[in-house]
Amino acid sequence: MPKATSYWDKFTRSQVSRRRALQMATVGGASAGAIWLVGCGGDDDDDGGNGEASPGAGNGDEGAPVAGGTFRGTISSVLGKDPHKAATFLVHALGSYSYSRLMRFKTVVGELPEEEYYTTEPELANNVENPDELTYTFTIHPDATFHNVPPVNGRQVTADDVVYSFNRYREISPNKANLAMVDTVEASADKTQVTFKLSRPFGLFLNRMASFQDLWVMPQEFIEASETASEDSMLGSGPFMWDRFEPGVVIAWKKNPTYFEKDASGAALPYLDNINLAIITDQNQVLSQFAAKQLDSISVPPQLLDSVRSQASDAVFDQSLRNILSFMYFEPASYLADKPPFNDVRVRRAMSMAINRDGLLNRISAEGGEWPNIINAGFGRSWWLNPQGDDIGDSGQYYAYNLSEARAMFEAAGVPEITTNMHYSSTVYTTVVPYYDIVRGSLPAALAEAGVTVNPVGEDYAIYISKTFGRGEFEGMTFGLESVFSDVAAYWTNMFFPRDAGGGRNHSSVSDQTMVDRINAMLELQDVDELREANFDLQRYASEQMYYVPVVTPVEFGARQTRLKGNQNTTGPTTYAVGTEDQMLNWLEV
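Residues numbered from 1 in each chain as written. Predicted model: local features only at pLDDT ≥ 70, side-chain atom pairs only at ≥ 80, totals over all residues. Heavy atoms only, no water.

A.B. asks: Help me out: how do you make sense of the overall build of the chain in this one?
C.D. replies: Looking only at helices and strands, one finds 19 helices and 24 strands in the chain. Considering the chain as a whole, with its 590 residues, one finds that 60% of them fall into the buried category. Long-range pairs, those at least 24 residues apart, make up 72% of the contacts in the chain with a sequence separation of at least 6. (Helix = DSSP H or I, 4+ residues; strand = E, 2+ residues; numbered from the N terminus. Buried < 20%, exposed > 50% of the residue type's maximum accessible area, 1.4 Å probe, protein only. Contact = heavy atoms within 4.5 Å.)

Structure representation (structure tokens):
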């Protein structure tokens, strides 16, 4: 098939060549390994789109995978089962067990090199053709079938299913603006191919198709079987079939015996027979069950790392920077009604300078971490501009801890003392992202030193995510987390475009036409270096304005039992498509 001409294809090629050159200089020319490029191998004679998951059997030092067994994990809450309807990452993550996307992100056993973060490869697509900047044609894998249960009974997945799913997504998804650049989606006459025509060039389109937040393929007859079908269960073409949900107890899947992908040795995927996620809201219970070997993997609160290590001394511990932005955001009236005090850029800058980010990182994690700007450090250095580096320019001063200057800025703005609410999620984040509560609890005291009195307002996650985070219905400010985006354009458009023009995550209703114009100009670029530099310029500008105040990105920890093998991308990047990008390739040592 012809080589793709997408932006990401060109980016990946340039990065691989530099990495290979570095390896040759340091380890005598060790092989960089294979890399997928839009359904084709990284070299001209490689054969992609063969229906093999990228990691092979026996990859690394773990030996050959063994089929069977039950993975025992945990989740704090189940807020739905239909990924098209959901705004929260929790639902998208659950959907990844049963549903498929056309594309996914590259995984390898162990550590994926940072320069290969968010590299796309085919999933439900067998290959992709990109003959011009506006056209993407996906060939559906010929062996892909839906789960062999009524009402679909194991029928083949066709291009019509993709068209139906896209139309449904475009109608009901709170994230539908992510694919607003799509003009038309059409199936071929033989239903083996689906063609997306864009209304404008968008070089990161394949990343959007791999996004865990967006286009999961769902069969029409299942969705329309009843008004509640998609919330009662899950039915797709993914590696695991819906089993059961016991509220407050467990959500579970079983192996899809007719899943279409094989590993590199030809063995059937997935390896696991069952996925059981216990619903546990008490972090102490999570840790005690892991120590008793009743759970196979968990997230470890950094402050409890030494304790978990002592209680589970034979466990394997991984550390990573998750691509989750922790940040403060201000009530929409600040920008829509020019409401003091957060309408004043001096106040927003002072709020940032009142935060001792290094002090927070030292408290959170023994391994420290990084300072994010609006593009988070966990996205990788190819796209993230370090606020402590020279390249951030003059705007870097607004991240530096400087209480005296913060107080002076408040004084100059006419508000030497500020009293404000600080909304936050009192549930879910506290277990899913263990450092969240530490930072949230530290901010009032930190801001008080600069003259800001904070009134904490805790909200149940379901209320927080729909009302505060989703609709921007709050007064004062909020401390929150931004879900993972798979490309920088998604950060910029979601968080800065008007809400009715693609700003689905414009929590504060920021209104800045200069920024919108700069983002639109960036989206039109096709050259990799020009696009990256435009992205860096936007980070400098956003840092000057501080519409959102980024906080910290700590090193986080996970623990797993030694019997759990085949773990993918142990240091990043972050996506929540755990079913098809991790656990499909996990296996249990007998």
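A.B. asks: Could you clarify how one ought to interpret the side chain of Ser-352 in this entry?
C.D. replies: Residue position: Ser-352 is located in helix 10 (residues 345-353). Filtering out sequence-adjacent residues up to four positions away, Ser-352 remains in contact with Arg-357, Tyr-398, Tyr-399, Met-546 and Val-549.

A.B. asks: Teacher, can you tell me more about the sheet that holds strand 9 (residues 193-198) here?
C.D. replies: Note: strands within a sheet are paired through backbone hydrogen bonds, in either parallel or antiparallel orientation. Taken in spatial order, the four strands make up an open sheet running 6-7-9-8, and their pairing is antiparallel. Of all the strands in the sheet, just strand 6 (125-132) and strand 8 (182-187) have a single pairing partner and so form its edges. Averaged over all adjacent pairs, the angle separating strand axes in this sheet is 20 degrees, with direction ignored. Both strand 6 and strand 7 (residues 135-140) contribute to a ladder of five bridges, which runs antiparallel. In the sheet register, Asp-132 faces strand 7, and the bridge partner there is Thr-135. Where helix 3 (residues 159-172) meets the sheet, its contacts fall on strand 7, strand 8 and strand 9, and the angle it forms with strand 8 comes to roughly 150 degrees. (Pairing = 2+ DSSP bridges. Axes fitted to C-alpha atoms, helices over the stretch in contact; angles between N-to-C directions.)

A.B. asks: Which parts of the structure should I look at to understand the nonpolar core?
C.D. replies: The nonpolar side chains of soluble globular proteins are, as a tendency, buried together. With 155 residues, the main nonpolar core has Phe-138, Phe-196, Phe-205, Trp-492 and Phe-496 as its most contacted residues. Counting residues per element, this core draws most heavily on helix 16 (residues 488-496), at seven residues. Setting aside residues up to four positions removed in sequence, Phe-138 forms contacts with Leu-102, Met-103, Ala-125, Asn-127, Val-128, Thr-192, Gln-193, Val-194, Phe-196, Phe-205, Leu-206 and Met-209. Core analysis: the next-biggest nonpolar cluster, separate from the first, contains 14 residues, Leu-295, Val-300, Ala-315 and Val-555 among them. (Core = buried A, V, L, I, M, F, W, Y, C linked by side-chain atoms within 4.5 Å.)

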